[in-house]
Amino acid sequence: RIADAEAYFLQAISISDKVSQQFPNVVQYREFLATHYDMLGRSEYCAGQFGQAEQRWRKAVTLREDIAKRFPEDLRNSLRVPGSYGWLANALNRTDREDEAESLYRKAIDSTETLMRQSRHHFEYQEHLSRLALRRRPDPKRTTRDIGHEVPWLRGARDGIKSPV
């Protein structure tokens, strides 16, 4: 079944790539392309193909960074970038490149915190940031409560204190 999914994602990538080239100013088409790379990477990751997943997620990161740069007025575009950093870091972690993975996890957390400061709708970013922080150390016993010391606003949120944004 994974092979079938990969074939469909490759077909979706081909179509999305053509459409996004025909309409370069339509952000949704570029986002679809990035999402298809992301989903193909997830499929390959689940199949234990970490090197291939890394390649797909590098492409998704590049696309999403470009989208965020070209269309900065919609912060949702920027929020997708740290998520892609997190997935790429997972692949790096599985291929014994922990330092590189840790750097990307930190980059994901830092960029999400920056987005929180820029947004009136920071609760969505808080949730995203807590997921990234939990993903950073895949210990099933860790909770948002445990990582409060790493992300200061989470400590305040845990104690009922509003974030500084």
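Asker: Lay out the overall build of the protein chain in plain terms, naming residues and giving numbers.
Answerer: For the protein chain, the count of helices and strands is seven helices and zero strands. Taking all 165 residues of the protein chain together, 44% fall into the buried category. At a minimum sequence separation of 6, the contacts of the protein chain that also span at least 24 residues come to 54%.

Asker: Go over helix H5 (residues 98-118) with me, naming the residues and quoting the values.
Answerer: Taking 1.5 Å as the rise per residue, H5 with 21 residues should run 30 Å; its terminal C-alpha atoms sit 30 Å apart, in good agreement. Every buried residue of H5 is listed here: Ala101, Leu104, Tyr105, Ala108, Ile109, Thr112, Glu113, Leu115 and Met116.

Asker: Now, about the side chain of Ser20: what can you tell me, with residues and values included?
Answerer: Along the polypeptide, Ser20 turns up in helix H1 (residues 2-22). Contact partners of Ser20, with chain neighbours within four places excluded, come to Tyr29, Arg30 and Leu33.

Asker: Give a detailed account of helix H2 (residues 27-46), specifying residues and quantitative values.
Answerer: Taking 1.5 Å of rise per residue, 20 residues should cover 28 Å, and H2 covers 28 Å from first to last C-alpha, within 8% of that figure. Immediately beyond the C-terminal end of H2, within one or two residues, lies Gly48, with a positive phi of roughly 80°.

Asker: Could you give me a rundown of the environment of Phe32, with the residues and numbers involved?
Answerer: Residue position: Phe32 is located in helix H2. Given a relative accessible area of 45%, Phe32 falls into the partly exposed group. Taking the C-alpha atoms as reference points, Phe32 and Ile15, separated by 17 residues in sequence, lie 9.9 Å from one another.

Asker: Any chance you could break down the nonpolar core for me, citing the residues and the numbers?
Answerer: If you look at the biggest cluster of nonpolar residues, it comprises 16 residues, and the most contacted ones within it are Trp57, Tyr85, Leu88 and Leu104. When residues of this core are traced back to their parent elements, those giving at least two are helix H3 (50-70), helix H4 (75-94) and H5. With six residues, the top contributor of residues to this core is H4. Not counting chain neighbours up to four residues away, the residues in contact with Trp57 comprise Tyr37, Asp38, Gly41, Arg42, Tyr45, Trp87, Leu88 and Ala91. Among the nonpolar cores identified, the runner-up in size contains seven residues, and Leu33, Ala34, Leu40 and Leu63 belong to it.

Asker: Describe the packing of H1 against H2, listing the residues and the values that go with them.
Answerer: It is at 9 Å that the axes of H1 and H2 come closest, and there the two elements cross at 160°. Taken as axis vectors, H1 and H2 run roughly antiparallel relative to one another. You can see that H1 and H2 cross each other, and the crossing is left-handed. Across the interface between the two elements, Ile2, Ala5, Glu6, Phe9, Leu10, Ala12, Ile13, Ser16, Asp17, Val19 and Ser20 from H1 touch Tyr29, Arg30, Phe32, Leu33, His36, Tyr37, Met39, Leu40, Ser43 and Glu44 from H2.

Asker: An account of the packing of aromatic side chains is needed here, citing residue identities and associated values.
Answerer: When we look at a pair of aromatic rings, we describe it by the centre distance and by the angle of the planes. Across all of its chains, the model carries four aromatic pairs by this definition. Taking 5.9 Å as the distance between ring centres and 55° as the angle between the ring planes, the aromatic pair formed by Phe23 and Tyr29 counts as tilted. With relative accessibility at 30%, the residue Tyr29 sits in the partly exposed group. Aromatic side chains Tyr45 and Phe50 sit 5.2 Å apart centroid to centroid with 65° between the ring planes, which places their arrangement in the edge-to-face category. Put simply, the rings of Tyr45, Phe50, Trp57 and Trp87 pair up and form one aromatic cluster.

What counts and how
Residues numbered from 1 in each chain as written. Predicted model: local features only at pLDDT ≥ 70, side-chain atom pairs only at ≥ 80, totals over all residues. Heavy atoms only, no water. Helix = DSSP H or I, 4+ residues; strand = E, 2+ residues; numbered from the N terminus. Buried < 20%, exposed > 50% of the residue type's maximum accessible area, 1.4 Å probe, protein only. Contact = heavy atoms within 4.5 Å. Expected span 1.5 Å × (residues − 1). Core = buried A, V, L, I, M, F, W, Y, C linked by side-chain atoms within 4.5 Å. Axes fitted to C-alpha atoms, helices over the stretch in contact; angles between N-to-C directions. Parallel < 35°, antiparallel > 145°, perpendicular 65-115°, else oblique. Left-handed = near helix turned anticlockwise from the far one by under 90°. Phe/Tyr/Trp six-rings, centres within 6.5 Å; stacked < 30°, edge-to-face > 60°.

Note that every value here comes from positions in space, so none of it alone points to a role or purpose.
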